[in-house]
Amino acid sequence: MIEKLRQRASTFPERLTRGEKEALARLAKGQSPPFMLITCSDSRILPGRLLEPDFGELFVFRNMGNIIPPIEVEKKHHTGVGAFLEYGAGKLGAKHLIIIGHTDCGAVKGFLNPPRESNGFVPAYLRIGEETRRILSEKLPSLSPEEQVLEGVRTNILVQVRRVLEYPVIKEKGVRIHAWLYHIDSGRVEVLEER
Ligand SMILES: [Zn+2]
């Protein structure tokens, strides 16, 4: 299994076009990506395929559930999201932040039905979804399990949009926010909010 990836990595230069090689040579000393992306760690999301960015175009942060912690949590725990936003928008000059959540998200399922055990990093991490669960708790009983996950995914994305606006660099740099929902079964991308 790993041989396949090692082989691809070692032959990467051979697969580059002439234009890409020139771009990389230019980029070797620095980057100024116009776009930041926060998306889920899920293996079914391939940002390179989905957005087809050029080299140097997309500054990326991934975590389970495409979470942007409330700023007070970030100040205490330093998950990396705050540094990513500050560096991306502040130092690198990115003007757009795209937040992409997706259907069948394992993290969102975990937010909705937290595991019973309390040891380990995963249960601790899932507590960060408390707000998503709280917002949904009134709607959930009337929905089927599948609808619950889809509604959870939508709500979770919109919670992140609201939270990211609390990070000073977003307002200071006038960063535009784009919240998208990626449907894994069809590959369709649904725009939830742009601001
Ligand atoms: Zn996910």
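The rules we used
- Residues numbered from 1 in each chain as written.
- Predicted model: local features only at pLDDT ≥ 70, side-chain atom pairs only at ≥ 80, totals over all residues.
- Heavy atoms only, no water.
- Helix = DSSP H or I, 4+ residues; strand = E, 2+ residues; numbered from the N terminus.
- Rg over C-alpha atoms; globule rule 2.2 N^0.38 Å.
- Buried < 20%, exposed > 50% of the residue type's maximum accessible area, 1.4 Å probe, protein only.
- Areas by Shrake-Rupley, 256 points an atom, 1.4 Å probe, with all protein chains shown as cover.
- Lys, Arg positive; Asp, Glu negative; His and termini not counted.
- Charge placed at Lys NZ, Arg CZ, Asp CG, Glu CD.
- Salt bridge = Lys/Arg side-chain N within 4 Å of Asp/Glu carboxyl O.
- Donors = N, O, S within 2.8 Å, 3.2 Å for Na, K, Ca; no water.
- Pairing = 2+ DSSP bridges.
- Phe/Tyr/Trp six-rings, centres within 6.5 Å; stacked < 30°, edge-to-face > 60°.

### Overview of the overall build of the protein
- Along the protein, the regular secondary structure elements total 11 helices and five strands.
- Against the 2.2 N^0.38 benchmark of 16 Å for 195 residues, the protein shows a C-alpha radius of gyration of 18 Å, consistent with a compact globule.
- Overall, the C-alpha framework of the protein stretches about 55 × 45 × 35 Å when taken along its three principal axes.
- Burial statistics for the protein: of 195 residues in total, 39% are counted as buried.
- For the protein, the accessible area works out to roughly 11800 Å², and carbon and sulfur atoms hold 54% of it.
- Of note, the protein has its 29 positive side-chain charges centred 4 Å away from the centre of its 25 negative side-chain charges.

### Details of the environment of Lys139
- With respect to the helices and strands, Lys139 occurs in the loop between α9 (130-136) and α10 (145-164).
- Using a relative accessible area of 38% as the deciding quantity, one classes Lys139 as partly exposed.
- Taking the C-alpha atoms as reference, Lys139 lies 29 Å from Glu74; in sequence the two are 65 residues apart.

### Side note on unusual backbone geometry
- In the Ramachandran plot, Asn66 falls in the positive-phi region, its phi being about 40° despite a non-glycine side chain.
- Along the chain, Asn66 falls in the loop between β2 (58-63) and α5 (71-77).
- Despite not being glycine, Asp104 shows a phi value in the positive range, around 60°.
- Mapped onto the elements, Asp104 comes out in the loop between β3 (96-102) and α7 (106-112).

### Brief notes about the pattern of salt bridges
- By the definition in use, this model includes nine salt bridges.
- Among the ionic pairs, Glu131 bridges to Arg162, the shortest N-O distance being 2.3 Å. Residue Glu131 is located in helix α9, and its partner Arg162 is located in helix α10; the two are separated by 31 residues in the primary sequence.
- Judged by relative accessible area, which is 16%, Glu131 ranks as buried.
- For Arg162, a relative accessible area of 40% translates into the label partly exposed.
- Here the salt bridges share partners, and the residues they tie into one network are Asp42, Arg44, Asp104 and Lys109.

### Here's the deal with the coordination of the zinc ion
- Ligation of the zinc ion by protein atoms is provided by Cys40 (SG), His102 (NE2) and Cys105 (SG), these donors lying 2.0 to 2.2 Å from the ion.
- Mapped onto the polypeptide sequence, the residues donating to the zinc ion form the spacing pattern C-x61-H-x2-C. There is no split in this pair, since His102 and Cys105 are both buried.

### Thoughts on the pairing of strand β4 (residues 176-182)
- Taking burial as the measure, the seven residues of β4 include six buried ones, the bulk of the element.
- Note: β3 against β4, seven bridges, orientation parallel. Within the sheet, the bridge partner assigned to Gly101 lies in β4 and is Leu181.
- The turn linking β4 back onto strand β5 (residues 189-194) is made up of six residues, and Gly187 within it adopts a positive phi angle of 85°.

### Remarks on the packing of aromatic side chains
- Considering all chains together, one arrives at four aromatic pairs under this definition.
- Ring centres 4.8 Å apart and planes at 10° place the aromatic pair Phe59 and Phe84 in the stacked group. Here Phe59 is found in strand β2, whereas its partner Phe84 is found in helix α6 (residues 81-91), with 25 residues between them in sequence. Exposure class is identical for Phe59 and Phe84. Each is buried.

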